[in-house]
Amino acid sequence: MLKKFKPYVMLAPVMFIILGIFTMGLALGFFQSLGYFPAVGLKEFTLRYYKEVLTDIGFLDSLKFTLYTSFVSSTLALIIGVLLAYSIFQSKSRKGVLYTIYKLPVIVPHSIAALLVFNVLTQSGILARVLFYLGIISEQTQFPSLIFDQNGIGIIISYLWKGIPFIAMTVYTVLSNINDKLTDAALNLGANRRQVFWKILLPLLMPSILSSYIIIFAFSFGAFEIPYLLGPTSPKLLPVKAYIEYINPDLSHRPYSMVINMVLASYSLILVWFYSKTFKLFSKFDEIS
Amino acid sequence: MYKIELKNISKVFENKRVLKGINLIVNEGEMLSLLGPSGCGKTTTLKIIAGLFSPDCGDILFNGKSIVNIPVEKRGAVIVFQDYLLFPHMTVEENIAFGLKMAKIKKPKRRVKVREMIDLVKLDGCEKKYPSELSGGQKQRVAIARALAIEPKVLLLDEPFSNLDTRLRESMRIFVCDIQKKLGITTILVTHDKEEALLTSHRVAVILDGEIKQIGTPAEVYEKPSSPLVADFFGEKNYLEGEIIKGFFVCKMGKFKTGFDKYPRVMAMIRPEEIELTDSEEGSGFWGRILSKQYAGDKIYYKLSANDIQLKCMANSKNMFEANQRVWLKIDFEKTIFFKAEKS
Ligand SMILES: Nc1ncnc2c1ncn2[C@@H]1O[C@H](COP(=O)(O)OP(=O)(O)OP(=O)(O)O)[C@@H](O)[C@H]1O
Ligand SMILES: [Mg+2]
């Protein structure tokens, strides 16, 4: 009995700090979103701010835009990442080189990624200049505006730049841990290469694919720097909107910011729940051998 | 069912010649064991037959037709792997149905076949279980059922019993032999267990160091090994160097009648169990001294010395002899196998 509690007791100081700060922050935000902010004289609990924010066209547009960018970027990253991992896995030679190259973007911070994408894709960027130089476009303004655009192309591209290598790395690691002999066994039973991929490798990769998908989805949903640097003025992505409300000198705007944060937080919670579900779902065949 | 022919198959891995010209014929419906020590190239041979490796040179024929250029998925030679390799994300049923599904067999037909296989390998009640929920013996039976479901023309068993405990191994052995007989599939059983090879198969091929050293019925390879190497693989032996002169084997120990007069320089192979120990002179033999004794229940292993030559002897525990005791080694040289002596 005592033994069972020992680790918890020993972890208590650290847990107190981590969970304490986290929950206090969350609780404070939650109270403020309900309009309880005594520092500026707001002392009444009310759902007014929720009602206002959740029915505001601007907010709904932002929500849609946020969902759209994170869904499109994560899904594309997933598909491309898995295919990339599989083709690196299949390529017999130069595995080491490829492995290092595609790992690189994972360590580069998002803000740098945004900067790179910015430098390449703006109308005065490298790509536009190259195309102009090659005579493919006659004026740099003919280059489509991919940054600050309504379709979020710039944002999506920077997320892809970070997300594809992340997925590829995760999937590749798991892929190289799947017993090669399972492929042999499947081939031996009459499966062709395509069937091996769809029926053996993909299902075995599913847990890691899903969990890394959820991670990049949650990240792109809540991340701030890329949409702040590359997003259009309107609609703004939710984290940017929350930030703008937050830095409003009029402190009575604080509850609006907190409502948006609560939306982001509850969304993340749902994803965390999904994440743990995926693991349960696959626990039956967790031994990859 | 196919007749399998391997013609001069060679395989090199990273500068190491693993197979050095394998020639082998397995007749239609035959069960042949490929017997050899660990690392001698048994699994490699099976993978080459199945098409998972291609040979560096040589040819493989099924019923007289070369199949080296047919890809693995179309060969119809199925391996039951040493470590089963069940698909961990599929239930027993799905594992068994896998090959049929890949061949695009329709669902109702698939279901009938899976049912039939489950009955054959006696796995009722396990249909919905995942491999991680099965015992070793059950996993093995799933692996066999999965292989048999696609009605292979050639069945390749790669040490299928080595992961099982003694009792389970025995019953699985009988079980597999029965199925093989019933279905008449041409089967190669790979093993490093000599008893398993002798017990199960019509013929045994002894493979040592990438070469097939001898092929024959179990009795042939055991009783008339073609070389000391093959003989030693079936257990430790004693060798006496000498000459055959006019029907007599002449060696350090004396002169013994053989009824055999080829080869002037020979090595007489004497199995430990062929030496009978007595305390008085009896029949043909010679005197020796017990060096040590090891008790193993129903048997006793002795080390003896005679004329400065060490000999091993295995006796039943009826008469016990003690270390240092002088004993008579009774040997029937008329039944002894003589090999041509190697130049040393
Ligand atoms: N894919 C491979 N690449 C390189 N070397 C290999 C490969 N497969 C086998 N070998 C080598 O070939 C030799 C024979 O291997 P093989 O698996 O055929 O032995 P085996 O007779 O089946 O042994 P065991 O009884 O231990 O299973 C070994 O030395 C092994 O290291
Ligand atoms: Mg092997």
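Since we're looking at a predicted model, the values are computed, not measured.

Caption draft 1: Quick look at the overall build of chain A. Within chain A, the secondary structure is distributed over twelve helices and zero strands. Within chain A, buried positions represent 40% of all 289 residues. Sequence-distant contacts in chain A: of pairs separated by 6 or more residues, those separated by 24 or more amount to 70%. Accessible surface, chain A: about 16400 Å² in total, of which carbon and sulfur atoms supply 71%. Side-chain charges of chain A comprise 23 positive and 13 negative groups, with the mean position of each set lying 12 Å from the other.

Caption draft 2: Quick look at the confidence of the model for chain A. With 95% of its residues at a pLDDT of 70 or more, chain A has an overall mean of 84. Considering each helix and strand of chain A separately, the mean pLDDT is smallest for helix 4 (residues 95-107) of chain A, with a value of 73, and largest for helix 8 (residues 180-188) of chain A, with 93.

Caption draft 3: The site of ligand 1, seen in detail. All names here are of chain B. Around ligand 1 sit 14 residues in total, of which Lys16, Ser38, Gly39, Thr43 and Thr44 are the nearest. One nitrogen or oxygen atom from the side chain of Lys42 is found 2.8 Å from an oxygen atom belonging to ligand 1. Contact between ligand 1 and Thr44: an oxygen atom at 2.5 Å from a side-chain N or O atom of the residue. Considering ligand 1 on its own, with 630 Å² of exposed area, one finds that the protein chains cover 66% of that surface. Breaking the shell around ligand 1 down by element, the ones donating at least two residues are strand 2 (16-26) and helix 1 (42-50). Element by element, the count of residues in the shell around ligand 1 is highest for helix 1, at three residues. Tallied by class, the residues present in the shell around ligand 1 amount to four nonpolar, six polar and four charged.

Caption draft 4: Representation of a positive patch on the surface. On the surface, a cluster of positive charge is contributed by Arg194(A), Lys199(A), Lys101(B), Lys104(B), Lys107(B) and Arg111(B). Elements supplying a minimum of two residues to the positive patch: helix 9 (193-222) of chain A together with helix 3 (107-120) of chain B. Locating Lys104(B) in the fold gives a position in the loop between helix 2 (92-102) and helix 3. Taking relative accessible area as the criterion, Lys104(B) reaches 62% and is therefore assigned exposed.

Caption draft 5: Up close: the pairing of strand 1 (residues 4-13) of chain B. Residues and elements named next belong to chain B. Pairing geometry for strand 1 and strand 2, over eight bridges, is antiparallel. Looking across to strand 2, one finds that Ile9 is bridged to Ile22. Linking strand 1 to strand 2, which pair antiparallel, is a turn of two residues; within it Glu14 sits at a positive phi near 40°. Bridge analysis of strand 1 against strand 4 (residues 57-62) gives five bridges, and the strand direction is antiparallel.

Caption draft 6: Focus on the sheet that holds strand 5 (residues 65-66) of chain B. Residues and elements named next belong to chain B. Taken in spatial order, the four strands make up an open sheet running 2-1-4-5, and their pairing is antiparallel. Either end of the sheet is taken by a strand with one partner, and the two such strands are strand 2 and strand 5. Relative to the sheet, helix 1 contacts strand 1, strand 2 and strand 4, its axis offset from that of strand 1 by approximately 120°.

Caption draft 7: Spatial organisation of the packing of helix 2 of chain B against helix 3 of chain B. Residue and element names in this part refer to chain B. For the pair helix 2 and helix 3, interaxial distance at closest approach is 10 Å and the crossing angle is 130°. The orientation of helix 2 relative to helix 3 falls into the category oblique. The handedness of the crossing between helix 2 and helix 3 comes out as right-handed. On helix 3, the residues touching Glu93, Ile96, Ala97, Leu100 and Lys101 of helix 2 are Arg110, Lys113, Val114, Met117 and Ile118. Partitioned by chemical class, the residues of the contact of helix 2 with helix 3 number six nonpolar, no polar and four charged.

Conventions adopted
Residues numbered from 1 in each chain as written. Chains lettered and ligands numbered in written order. Predicted model: local features only at pLDDT ≥ 70, side-chain atom pairs only at ≥ 80, totals over all residues. Heavy atoms only, no water. Helix = DSSP H or I, 4+ residues; strand = E, 2+ residues; numbered from the N terminus. Buried < 20%, exposed > 50% of the residue type's maximum accessible area, 1.4 Å probe, protein only. Contact = heavy atoms within 4.5 Å. Areas by Shrake-Rupley, 256 points an atom, 1.4 Å probe, with all protein chains shown as cover. Lys, Arg positive; Asp, Glu negative; His and termini not counted. Charge placed at Lys NZ, Arg CZ, Asp CG, Glu CD. pLDDT = per-residue confidence, 0-100. Near = heavy atom within 4 Å. Polar contact = N/O pair within 3.5 Å; in protein donor to acceptor, adjacent residues only side chain to side chain. Nonpolar A, V, L, I, M, F, W, Y, C, P; charged D, E, K, R; others polar. Patch = residues over 30% accessible without salt bridge, like charges linked within 9 Å, V, L, I, M, F, W, Y side chains within 5 Å. Salt bridge = Lys/Arg side-chain N within 4 Å of Asp/Glu carboxyl O. Pairing = 2+ DSSP bridges. Axes fitted to C-alpha atoms, helices over the stretch in contact; angles between N-to-C directions. Parallel < 35°, antiparallel > 145°, perpendicular 65-115°, else oblique. Left-handed = near helix turned anticlockwise from the far one by under 90°.

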